[in-house]
Amino acid sequence: MNRENIEQSYQLAKERYAALGVDTEAAVAALKKVPISLHCWQGDDVGGFETPDAELSGGGIQATGNYPGKARTADELRSDLDKALSLIPGDHRLNLHAIYAETGDKRVERDALEPEHYSSWIDWAKSNGMGMDFNPSYFSHPKADDGFTLSSADDGIRKFWIDHGKACRKIGAFMGEVLGSPCVTNVWIPDGYKDIPADRKAPRERLKAALDEVFAEPLDPKHNLDAVECKLFGIGSESYVVGSHEFYMGYAIANNKLLCLDSGHFHPTEVISDKISSVLTYVDEILLHVSRGVRWDSDHVVTLSDELQAIAQELVRGDYLGRTHIGLDFFDASINRVAAWTIGTRNMIKALLLAMLEPTAQLQKVELEGDVTSRLAMMEDIKSMPFGAVWDHYCESKGVPVDGKWLLEVKKYEEGVLSKRG
Ligand code: RNT
Ligand code: ZN
C-alpha cells in the first residue's frame, strides 16, 4: 500500500462513515489527544536495575519466557522504547517503576530514593515531549519475601515500605512539575496469603493506616495524582489479597484518590468495562492498567479483544476520557519485547478509534426507544465498516508504519541491535 492508496481508501471510508452520521476527521482529531502511558517494565521482564542481574521475584506476578534481547541497562531500555514509540501513532507517556532508578555505583535503598535517581529518565521524557507516571515497587525485595509489605505485622518492615511510598510520591511530584503534566503515582502491593487466612481484618486495618501515612503529605494535584490498584488474587496469594477491590474502592472514595482498574485483576468472567461507569459515579478520576488476563495470568499482551473494545467504548460513550488515565500493564518474555509494546499499544489506540467511529447517539436513541433489535443489528453491522482504512490514514498522518509494515522495522532492530545483546 502506498500513500495514494491509503488516502483513496480513506476517502471512501470517510463517505461510508459519514452516511452513518460519523465524522472520521473529528474522530481522528480526538484520538490524537489521548495519551497512553507505556509501561517500562515490558522491556526487561519487570527486572529493573537495582543490581546487574535484577529480576522479578515474588509479588504474585511472573514473567515467563526467555526470548533473547531483553534490555540490560536503562540506556538499552530507552533505546527499545524509542523504537516502539516510532511505530506507535500519537503522543504518549512513560510509566516508570521505582526499581528502574539509575544510582550509578552505589546501592540506594528504596526508602531513600530521590528524584535525582531518575534524572536520565526525566531528561529522556522531556526531550521526547512526554509526561511520566510512576510506581513504588513493592516486590522483588528481601523485605517483601514474606509476602507482606504495607500491611506487614512487622513494624520495621511496614515502616520501610511506608517510607518507600513517601519517597515515590515526592519523585512523582517532581516528575510532574518538571514535565509540566501531572504524574500518576500508583500504589500496588502484592500482600496476601496462598491459603485461607485466620485473620482477614488486621492486615486490612494495617494497610489503611499505612496508606494514610504514605499519603499524609498533601501534594499539588497539578504535579502528582495518587492511585491505588486492587487485585483479586495472584500467584501464591490465591486465597486472600489484602488490597481487594472493595478495600481500595472504599479507600479511594473516602480519601479522594484515583482508583486503578487493572483488566487482569478480577475474576476471569468479570470485566472492567462494566465497572468504569460505576466507579466514575463516585471517584473523580481513574487509572486503567489495560492488560489481558488468561486463566491465572493477569498480564498477557493486549489484543483487540471484545473486552478491549468494550473498555474503549465505555470511555468514549461516557465522555470519560478527561477523567481517565490510560496505562498498559502486560509483560511477555516469550516474544520480541519491542513487538509486544507495539502490538499492545497499537491495539489500545485502535480500540479507541473504533469507539470514536461508533454512531453512539443513534445506538442510544434506538435503545431509549426500546428498539433493542435495531441496537443489536446496528452494533453487528458496524463491525464490517472500513475501520482499517481510517486506521491506516491515522498511522500515515502520524508518520508511523501501517499494519503489516511495522513488524519489518522490529525485525530489523532485532537483527541490528537486540540479537547483539548477550
Ligand atoms: C500486578 C499489578 C501491578 C504490576 C506492575 C508491575 O498484578 O498489575 O500493576 O503489574 O506494577
Ligand atoms: Zn497492574
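For the structure itself, look to the data block above.
Residues numbered from 1 in each chain as written. Chains lettered and ligands numbered in written order. Predicted model: local features only at pLDDT ≥ 70, side-chain atom pairs only at ≥ 80, totals over all residues. Heavy atoms only, no water.

Visitor: Would you mind showing me how to read the environment of Asp 145 here?
Guide: The residue Asp 145 is located in the loop between strand 3 (132-135) and helix 5 (155-179) in this model. Along the backbone, Asp 145 and Gly 58 are 87 residues apart, and their C-alpha atoms lie at a distance of 6.8 Å. (Helix = DSSP H or I, 4+ residues; strand = E, 2+ residues; numbered from the N terminus.)

Visitor: Quick question: what am I supposed to make of the coordination of the zinc ion (ligand 2) here?
Guide: Working reference: metal with six octahedral donors, ideal angles 90 or 180 degrees; metal with four tetrahedral donors, ideal angle 109.5 degrees. Protein coordination at the zinc ion (ligand 2) comes from Glu 229 (OE), Asp 262 (OD), His 289 (ND1) and Asp 329 (OD), with a distance range of 2.1 to 2.2 Å. Of note is the zinc ion (ligand 2), whose six donor atoms meet at the metal with angles of 71 to 168° in an arrangement that counts as octahedral. Donor residues for the zinc ion (ligand 2), ordered by position in the chain, follow E-x32-D-x26-H-x39-D. Of this pair, Asp 262 sits in strand 8 (residues 258-262) while His 289 sits in strand 9 (residues 286-290), and the two are 27 residues apart along the sequence. (Donors = N, O, S within 2.8 Å, 3.2 Å for Na, K, Ca; no water. Tetrahedral: all angles 85-135°; square planar, octahedral: opposite > 155°, others 65-115°.)

Visitor: Can you help me understand the packing of aromatic side chains in this one?
Guide: Two measures describe an aromatic ring pair: the distance that separates the ring centres and the angle between the ring planes. Across all of its chains, the model carries 11 aromatic pairs by this definition. Measuring from centroid to centroid gives 5.3 Å for Tyr 138 and Trp 161, while their planes differ by 50°, and the two rings are tilted. Here Tyr 138, found in the loop between strand 3 and helix 5, pairs with Trp 161, found in helix 5; they are 23 residues apart in sequence, far enough to count as distant. The class of Tyr 138 is buried, set by a relative accessible area of 0%. The exposure class of Trp 161 is buried, given its relative accessible area of 0%. The interplanar angle of 50° and the centroid separation of 6.1 Å between the aromatic rings of Phe 139 and Trp 188 together place this pair among those described as tilted. Residue Phe 139 is found in the loop between strand 3 and helix 5, and its partner Trp 188 is found in the loop between strand 4 (183-187) and strand 5 (192-193); the two are separated by 49 residues along the sequence. Here the aromatic cluster, defined as three or more aromatic residues joined through ring pairs, consists of Tyr 138, Phe 160 and Trp 161. (Phe/Tyr/Trp six-rings, centres within 6.5 Å; stacked < 30°, edge-to-face > 60°. Buried < 20%, exposed > 50% of the residue type's maximum accessible area, 1.4 Å probe, protein only.)

Visitor: What is the right way to look at the site of ligand 1 in this model?
Guide: Within the structure, ligand 1 sits among Trp 41, Ile 61, His 97, Trp 188, Glu 229, Lys 231, Asp 262, His 265, His 289, Asp 329 and Phe 331. Within the contact set of ligand 1, an oxygen atom lies 2.7 Å away from a side-chain nitrogen or oxygen of Lys 231. Burial of ligand 1 by the protein chains amounts to 100% of its free accessible area of 310 Å². Cavity membership is defined here by more than half of the atoms lying within 2 Å of grid points; on that basis ligand 1 lies in the largest cavity. (Near = heavy atom within 4 Å. Polar contact = N/O pair within 3.5 Å; in protein donor to acceptor, adjacent residues only side chain to side chain. Areas by Shrake-Rupley, 256 points an atom, 1.4 Å probe, with all protein chains shown as cover. 1 Å grid on protein atoms, 1.4 Å probe; cavity = no way out; pocket = protein on both sides within 12 Å on 5 of 7 lines; lining within 4 Å. Sits in = over half its atoms within 2 Å of the grid points.)

Visitor: What is the right way to read helix 13 (residues 387-397) from this model?
Guide: Residues separated by three or four positions in an α-helix point in the same direction, a consequence of the helix having 3.6 residues per turn. With eight of its 11 residues buried, helix 13 lies for the most part within the structure. Directly beyond the C-terminal end of helix 13, a positive phi value near 70° is found at Gly 399.

Visitor: Help me understand empty space enclosed by the protein in this model?
Guide: Empty space among the atoms becomes apparent when a probe as large as a water molecule is rolled across them. All chains considered together, the criterion is met by six cavities of 30 Å³ or more. Considered as a void within the structure, the largest cavity measures approximately 170 Å³ in volume. In terms of lining residues, the largest cavity is bounded by 17 residues, among which Ile 61, His 97, Trp 188, Glu 229 and Asp 329 are the most central. Residues that form the lining of the largest cavity fall into these classes: seven nonpolar, five polar and five charged. There is about 80 Å³ of room inside the second largest cavity. Taken together, Phe 49, Glu 50, Ala 98, Ile 99, Ala 101, Thr 103, Lys 106, Arg 107, Val 108 and Leu 113 make up the full set of residues lining the second largest cavity. Partitioning the lining of the second largest cavity into residue classes produces six nonpolar, one polar and three charged. (Points joined across faces, edges and corners; volume = space filled by probe spheres on them. Nonpolar A, V, L, I, M, F, W, Y, C, P; charged D, E, K, R; others polar.)

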